[in-house]
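# Architecture at a glance
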Amino acid sequence: QVQLVESGGGLVQAGGSLRLSCAVSGLTFSLYGMGWFRQAPGKEREFVAAISMSGSTDYADSVKGRFTISRDNAKNTVYLQMNSLKPEDTAIYYCAASRGLQVRVTNRAADFGSWGQGTQVTVSS
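Anyway, here's the lowdown on the structure attached to this text. Here the structure is a predicted model, which is why all the values come from computation and not from measurement.

This part is about the pairing of strand β4 (residues 32-39). Judged by how many residues are buried, β4 sits mostly within the fold: six of eight residues are covered. Both β4 and strand β9 (residues 91-101) contribute to a ladder of seven bridges, which runs antiparallel. Within β9, the residue paired with G35 across the bridge is A96. With five bridges connecting them, β4 and strand β5 (residues 46-51) associate as antiparallel partners. Following the sheet pairing, G35 is matched in β5 by A50. Where β4 folds back onto β5 in an antiparallel hairpin, the turn is made up of six residues, including G42, whose phi is positive at roughly 75 degrees.

Shown next, in the form of structure tokens:
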């Protein structure tokens, strides 16, 4: 079965950095698109970043220039480097794998079929 396990969340001051990792098993990682989504208390889940099997990336406007998504196919892991963090970045961050082979990058949650349990990121002001 497919498993996605996020790590790297925590408490950081505004302006600081964190790197999230998502270890994936149960699928041929290199053929799948990967994404990061987040959900803040009282808000709907929102797209953060995505990377296709070919390495194309997409970012939410709110994180462009601050966050970087990357993947290591040898380690079956996707990363989210978060710099210049703001209090409004506080949320549970979820890793997701696409429903199938994904050549073109997508930011639609419906295109992702497997999800991790999430990791909490808290940014203090």
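Its identity is not glycine, yet N76 carries a phi of approximately 50 degrees, on the positive side. Under the relative-accessibility criterion, N76 is labelled partly exposed at 27%. Phi at S84 is positive, roughly 50 degrees, even though this residue is not glycine. With respect to the element layout, S84 can be found in the loop between β8 (77-82) and β9. Judged by its relative accessible area of 40%, S84 is partly exposed.

This part is about the packing of aromatic side chains. Two aromatic rings are characterised by how far apart their centres lie and by the angle between their planes. Tallying each qualifying case throughout the model produces four aromatic pairs. Where F37 meets W115, the ring centres are 5.0 Å apart and the plane angle is 55 degrees; that geometry is what we call tilted. With F37 in strand β4 and W115 in strand β10 (residues 112-115), this residue pair connects regions lying 78 residues apart in the sequence. Overall, F37 belongs to the buried group, its relative accessible area being 2%. Measuring from ring centre to ring centre gives 6.5 Å for F112 and W115, while their planes differ by 65 degrees; the resulting arrangement is edge-to-face. For F112, a relative accessible area of 1% translates into the label buried.

Rules and cut-offs
- Residues numbered from 1 in each chain as written.
- Predicted model: local features only at pLDDT ≥ 70, side-chain atom pairs only at ≥ 80, totals over all residues.
- Heavy atoms only, no water.
- Buried < 20%, exposed > 50% of the residue type's maximum accessible area, 1.4 Å probe, protein only.
- Helix = DSSP H or I, 4+ residues; strand = E, 2+ residues; numbered from the N terminus.
- Pairing = 2+ DSSP bridges.
- Phe/Tyr/Trp six-rings, centres within 6.5 Å; stacked < 30°, edge-to-face > 60°.

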